[in-house]
Amino acid sequence: MSSQKQSKSFMVTRCKPLLGTFVEISVDEDHFHAEIDYAFAAIEKIQTLMGFHNPDSELNHINRLSHQQAIEIHPWTAQVLRVAKQIHRQSQGVFDCGIGHRLVAAGLLPKHIDYHNHDLGGIKDVCFLSPELITSTRPVCLDLGGIAKGFAVDMAVRILRSEGISSGAVNAGGDLKVFGDNPRPIHLRNPHNPKELYKIGNLQNAALATSSLYFANRSQQASHLINPLATDESERFIQNHDSYSILAKECIYADALTKVLAISKQINHPCFAKFSAQAIRISA
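A.B. asks: I'd like to hear about the environment of Thr48, residue by residue, with values.
C.D. replies: Within the element layout of this structure, Thr48 appears in helix α1 (residues 33-50). Put simply, Thr48 and Ile113 are 65 residues apart on the chain and 18 Å apart in space, counted from C-alpha to C-alpha.

Here it is as structure tokens:
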């Protein structure tokens, strides 16, 4: 976060429905339309690879077969799975993307596979045989919705930079990364009144992600925050009205660590320091 001057208005802003939300790309130059297309194409590729809703995605191929045979995967999927395993280890299991079956049971994800007769594992059971070859020691139902969106933001920024764009921002439904010399003012919603915004400062060359349930609570939807360590089913789905944000260098870490904060409710959880991240909790 930066206390520098307010950022100037972005000259080009485009938005597309992707990753189950709206993805907005803003840049400070007005002649990089093709380059913005390249960034959107990368996000679409990530959605194709790692989306749970698509039964033919690489993610669902992993879910169906990884406990039976070795699966060769795309380098981007491999990168996300490695980071997921890293955060799972450092958070002592608080972050675990092997909770897809819980979200299916809650009606929040589609049912592609019948897992009733399986003893399901988690991200710790996914093993790398080589950099892009994996297997699983147990059947898994992975959902990368809590980490792949942040990775997509990082990848879009990487492509924009490689194409010569010096300054801008990518925002995927609240997973935000700002790059370049121009800081961007950052606002977080008041969880008690989501229409009210709090300005928390400016963001520059960093990422910010937020997890909250205020919209789910308002529409009486089931909680999408799952505690993988809960032993009592009544404690499995996190129910609260607070807002949890993480500031980090990369959006993949900011995205995933919001779940660690929301589940543990520890503003100083040890894994935040491990990943050079800062936690922000706003109470309703």
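A.B. asks: Got a sec to walk through the packing of aromatic side chains? Specific residues and values, please.
C.D. replies: Summed over all chains, the structure comprises two aromatic pairs. Ring geometry for Trp76 against Phe151: centres 6.4 Å apart, planes inclined by 65 degrees, an arrangement best described as edge-to-face. Within this pair, whereas Trp76 is found in helix α3 (residues 75-90), its partner Phe151 is found in helix α5 (residues 148-162), the two being separated by 75 residues in sequence. The buried category is assigned to Phe151, whose relative accessible area is 1%.

A.B. asks: Could you give an account of α5, with specific residues and numbers?
C.D. replies: Between its first and last C-alpha, α5 extends 21 Å over 15 residues, near the 21 Å set by a 1.5 Å rise per residue. Counted residue by residue, α5 has twelve buried out of 15 residues, so it is predominantly covered. Within α5, the full set of buried residues consists of Ala148, Lys149, Gly150, Phe151, Ala152, Val153, Asp154, Met155, Ala156, Val157, Ile159 and Leu160.

A.B. asks: Tell me about the pairing of strand β9 (residues 193-203), and please be specific about residues and values.
C.D. replies: Pairing of strand β8 (residues 184-190) with β9 involves seven bridges; the strand directions are antiparallel. Following the sheet pairing, Arg184 is matched in β9 by Leu203. Connecting β8 to the antiparallel partner β9 that follows it, the hairpin turn spans two residues.

A.B. asks: How would you sum up the sheet that holds strand β1 (residues 12-18)? Please name residues and give values.
C.D. replies: Strand order in this open sheet of seven strands is β1-β2-β6-β7-β10-β11-β12, and the pairing throughout is antiparallel. Two strands in the sheet have a free side with no partner beyond their single neighbour: β1 and β12 (278-282). Adjacent strand axes in the sheet meet at a mean angle of 15 degrees, parallel and antiparallel pairs treated alike. Sheet topology note: the strand β10 (residues 206-212)/strand β11 (residues 243-248) ladder contains six bridges and is antiparallel.

A.B. asks: Pulling in residues and values, what's your account of the confidence of the model for the protein?
C.D. replies: Here the protein averages 89 in pLDDT, while 91% of its residues score no lower than 70. Across residues 1-7, confidence stays below pLDDT 50; counting only partners more than four residues off in sequence or on other chains, it has 24 contacts. Counting contacts from residues 215-220, a segment whose pLDDT is below 50, to residues more than four positions away or on other chains yields seven contacts.

A.B. asks: How would you sum up the environment of His31? Please name residues and give values.
C.D. replies: Topologically, His31 is positioned in the loop between β2 (21-27) and α1. Remark: the alpha-carbon pair of His31 and Met11, spanning 20 residues in sequence, is separated by 9.2 Å. Within the structure, the side chain of His31 is placed 3.5 Å from the side chain of Asp30, a separation counted as a polar contact.

A.B. asks: Help me get a handle on the sheet that holds strand β5 (residues 133-136), residues and values and all.
C.D. replies: The strand order across the open sheet formed by three strands is β3-β5-β4, and the pairing between neighbours is antiparallel. Because the sheet does not close on itself, it has two edges, and the strands there are β3 (71-72) and β4 (126-130). Packed on one face of the sheet, α3 meets β4 and β5 and runs near 130 degrees to β4.

A.B. asks: Requested: an account of the state of the cysteines, with residues and values cited.
C.D. replies: All told, the structure shown has zero disulfides when counted by the stated rule. As a non-bridged cysteine, Cys15 has Cys251 as the owner of its nearest cysteine sulfur, 16 Å distant.

A.B. asks: Break down the environment of Leu176 for me, citing the residues and quoting the values.
C.D. replies: As for its position among the elements, Leu176 is in strand β7 (residues 175-179). Owing to a relative accessible area of 7%, Leu176 belongs among the buried residues under this scheme. The sequence separation of Leu176 and Asp125 amounts to 51 residues, and the corresponding C-alpha distance is 30 Å. Ignoring anything within four residues of it in the chain, the contact list for Leu176 reads Val153, Ala169, Val170, Asn171, Ile186, Leu203, Ala206, Ala207, Leu208 and Cys251.

A.B. asks: Which residues make up the side chain of Asp175, and what values go with them?
C.D. replies: Take Asp175: it is sitting in strand β7. Although Asp175 is buried, it forms no salt bridge, and the closest oppositely charged side chain is Lys149 at an N-O distance of 4.4 Å. With residues near it in sequence (within four places) discarded, Asp175 still touches Lys149, Gly150, Val153, Val170, Leu208, Ala209, Thr210, Cys251 and Asp255.

The rules behind these values
Residues numbered from 1 in each chain as written. Predicted model: local features only at pLDDT ≥ 70, side-chain atom pairs only at ≥ 80, totals over all residues. Heavy atoms only, no water. Helix = DSSP H or I, 4+ residues; strand = E, 2+ residues; numbered from the N terminus. Phe/Tyr/Trp six-rings, centres within 6.5 Å; stacked < 30°, edge-to-face > 60°. Buried < 20%, exposed > 50% of the residue type's maximum accessible area, 1.4 Å probe, protein only. Expected span 1.5 Å × (residues − 1). Pairing = 2+ DSSP bridges. Axes fitted to C-alpha atoms, helices over the stretch in contact; angles between N-to-C directions. pLDDT = per-residue confidence, 0-100. Contact = heavy atoms within 4.5 Å. Polar contact = N/O pair within 3.5 Å; in protein donor to acceptor, adjacent residues only side chain to side chain. Disulfide = S-S within 2.5 Å. Lys, Arg positive; Asp, Glu negative; His and termini not counted. Salt bridge = Lys/Arg side-chain N within 4 Å of Asp/Glu carboxyl O.

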